[in-house]
Amino acid sequence: MNKPKISNARKTHIAEAKIFWKNVDYLKAINGLTDHDVACALKRSISTIYNRKSEPETTDLRDVYNAALYFGIEPAARLLIPLTAGLVEPFALDEEDEGE
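This write-up is about the structure you can find in this document. The model shown is predicted, which means the values in this text are computed figures rather than measured ones.

The next thing to look at is the overall build of the protein. Counting its regular elements, the protein contains 6 helices and 0 strands. Taken from the N to the C terminus, the helices and strands of the protein come in the order α-α-α-α-α-α. Buried positions account for 28% of the 100 residues belonging to the protein. For the protein, restricting intrachain contacts to residue pairs at least 6 apart in sequence, the fraction spanning at least 24 positions comes to 57%. Surface accessibility of the protein: about 7,500 Å² in total, with carbon and sulfur atoms responsible for 56%.

Laid out in structure tokens, this is it:
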């Protein structure tokens, strides 16, 4: 019986981490924020944010959790359905839902 191979995910780009940063960019754009605002919210330096975007595999759960709190999204939701994956449009409230 063959043993399953151990993942070398830290050495490759993880699709979910790429999607996470695309979602952060989307939320940043619709809220009129800058990378500096996001860095402050995530308690990271601006250079760390740039590094995370260029090397998404370095993203950790702290980044995901702090982004969820900052943008008012349930932390687990950041791990499930991407806001922008190229296949579906981001969720938008109807005008009648905004007043509730």
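Time to look at helix 1 (residues 15–30). For helix 1, which comprises 16 residues, the first-to-last C-alpha distance of 23 Å matches the rise-based estimate of 22 Å (1.5 Å per residue) to within 8%. Within the span of helix 1, buried status applies to Ala17, Phe20, Trp21, Asn23, Val24, Leu27 and Lys28. All buried residues of helix 1 fall inside an arc of 155 degrees around its axis, so they share one side. Turned more than 90 degrees from where helix 1 packs its buried face, Lys22, Ala29 and Ile30 sit exposed.

Cut-off values and rules
- Residues numbered from 1 in each chain as written.
- Predicted model: local features only at pLDDT ≥ 70, side-chain atom pairs only at ≥ 80, totals over all residues.
- Heavy atoms only, no water.
- Helix = DSSP H or I, 4+ residues; strand = E, 2+ residues; numbered from the N terminus.
- Buried < 20%, exposed > 50% of the residue type's maximum accessible area, 1.4 Å probe, protein only.
- Contact = heavy atoms within 4.5 Å.
- Areas by Shrake-Rupley, 256 points an atom, 1.4 Å probe, with all protein chains shown as cover.
- Expected span 1.5 Å × (residues − 1).
- Arc of directions from axis to C-beta.

Purely geometric numbers; function is a separate question.
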